[in-house]
Amino acid sequence: MPFTENWILDKIAECYRSGRLAHAYLVTGNDAEALEALAMNISNIILQARAESYADFHCVRPESKSRRITVAQIRELEHELQLKSREGGLKVGLVLSSDRMCLGKAEAANAFLKTLEEPPDHTVILMTSERPDQLLPTIRSRCITLPLGSTSKSSELTSVEMKWTSMWMEAEGSPVARAYRRCQILSQWWQHIRANVEADFKESTLEEDAANAQLESEYLLRRDQSIGVLIREVWKQTPENQIKHEFALSCLFLEELRAALQRNIDANLALERCHLQVAGLIK
């Protein structure tokens, strides 16, 4: 169940006062900026100081156009956390958008796992993630997860998201024609996403195999996100005076599409089946 920011901060403060802080927390939600702000406030409570200027606060965030967290960043964080506290109290290691450790072959995530398994003394690890399902299960299982409830900003669409979701929901024609038009629209949205990802990686300095692996990982993450945006908008824009049953089914079938793609089922087949289900043409 998602929690409010105040509830999370109150619980962290209570654990700090009673000496019952866990060694690792994973803060999840839909708004990266809100998650970062919350993580900083949690750090302030744990350190009893402003984290930004505190010697025992260490933060890692995605770098470069590809927005990945590298093994080198994780190694540097681990080194800092192993050192004796400079202020004589607790240390905090914060990893923002932590799912970005799992791009490519997840080398950074695997490197970080040892720190979670054997955390340094007097250290609290904080992580944030908009896509916690992309984290390694072995990482998630070693953290206390604190889901942050949706913020108003997290529900706002970008102009690109607004364009494609509107086209999808406003598709017209017979049930069959509308189903295949929606297939085409979502497929074109994914082509747009891939083109943007390829542009981001155009100047990558990584070896070809590594760059291609990370490009594909980034594309899959953004594709997954696009389905999540569509699910949210289908439900949000349902007229209040209409029965939600058919819209709930549409969201269910879109969620099944996302799950099928995560299992590497052929995208075209999964798309077609989903939209025929949405149109009520197959069960």
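Fair warning: this is a prediction, and the values are worked out from it, not measured in the lab.

Draft legend 1. Fine view of the overall build of the protein. Across its full length, the protein holds 10 helices and five strands. Taken along the three principal axes of its C-alpha coordinates, the protein extends 70 × 50 × 30 Å. Here the protein holds 283 residues, and 46% of them are scored as buried. Restricting to contacts in the protein with at least 6 residues of sequence separation, those with at least 24 account for 73%. Total accessible area on the protein stands at roughly 15,000 Å², and carbon and sulfur atoms take up 50% of it. Of the charged side chains in the protein, 34 are positive and 40 negative, and the gap between their average positions amounts to 2 Å.

Draft legend 2. Up close: the pairing of strand β4 (residues 123-129). Among the seven residues of β4, seven are classified as buried, and the element is accordingly described as predominantly covered. Residues Thr123, Ile125, Met127 and Ser129 point to one face of β4 and Val124, Leu126 and Thr128 to the other, with burial holding for every one of them. Where strand β1 (residues 24-28) lies against β4, five bridges are found, and the strand directions are parallel. Along β4, the bridge assignment pairs valine 27 with threonine 128. Sheet analysis places strand β3 (residues 91-95) next to β4, joined by five bridges and oriented parallel.

Draft legend 3. Summary view of empty space enclosed by the protein. Scanning all chains against the criterion turns up one cavity of 30 Å³ or more. Lining of the largest cavity is provided by Pro175, Arg178, Ala179, Arg182, His275, Val278 and Ala279. Looking at which element gives the most residues to the lining of the largest cavity, the answer is helix α7 (residues 175-200), with four residues.

Draft legend 4. Here's a closer look at the packing of aromatic side chains. Evaluation of the coordinates by the stated rule reveals one aromatic pair. A centroid spacing of 4.1 Å and a plane angle of 15° characterise the contact between phenylalanine 3 and tryptophan 7, whose relative ring orientation is stacked. Looking at tryptophan 7, the relative accessible area reads 36%, which means it is partly exposed. Stacked on the ring of tyrosine 219, the Lys or Arg arginine 194 has its end atom at 4.0 Å from the ring centre. The ring of tryptophan 190 has arginine 223 sitting right over it, with the charged end atom 5.4 Å from the ring centre.

What counts, and at which threshold
Residues numbered from 1 in each chain as written. Predicted model: local features only at pLDDT ≥ 70, side-chain atom pairs only at ≥ 80, totals over all residues. Heavy atoms only, no water. Helix = DSSP H or I, 4+ residues; strand = E, 2+ residues; numbered from the N terminus. Buried < 20%, exposed > 50% of the residue type's maximum accessible area, 1.4 Å probe, protein only. Contact = heavy atoms within 4.5 Å. Areas by Shrake-Rupley, 256 points an atom, 1.4 Å probe, with all protein chains shown as cover. Lys, Arg positive; Asp, Glu negative; His and termini not counted. Charge placed at Lys NZ, Arg CZ, Asp CG, Glu CD. Pairing = 2+ DSSP bridges. 1 Å grid on protein atoms, 1.4 Å probe; cavity = no way out; pocket = protein on both sides within 12 Å on 5 of 7 lines; lining within 4 Å. Points joined across faces, edges and corners; volume = space filled by probe spheres on them. Phe/Tyr/Trp six-rings, centres within 6.5 Å; stacked < 30°, edge-to-face > 60°. Lys NZ or Arg CZ within 6 Å of the ring centre and 35° of its normal.

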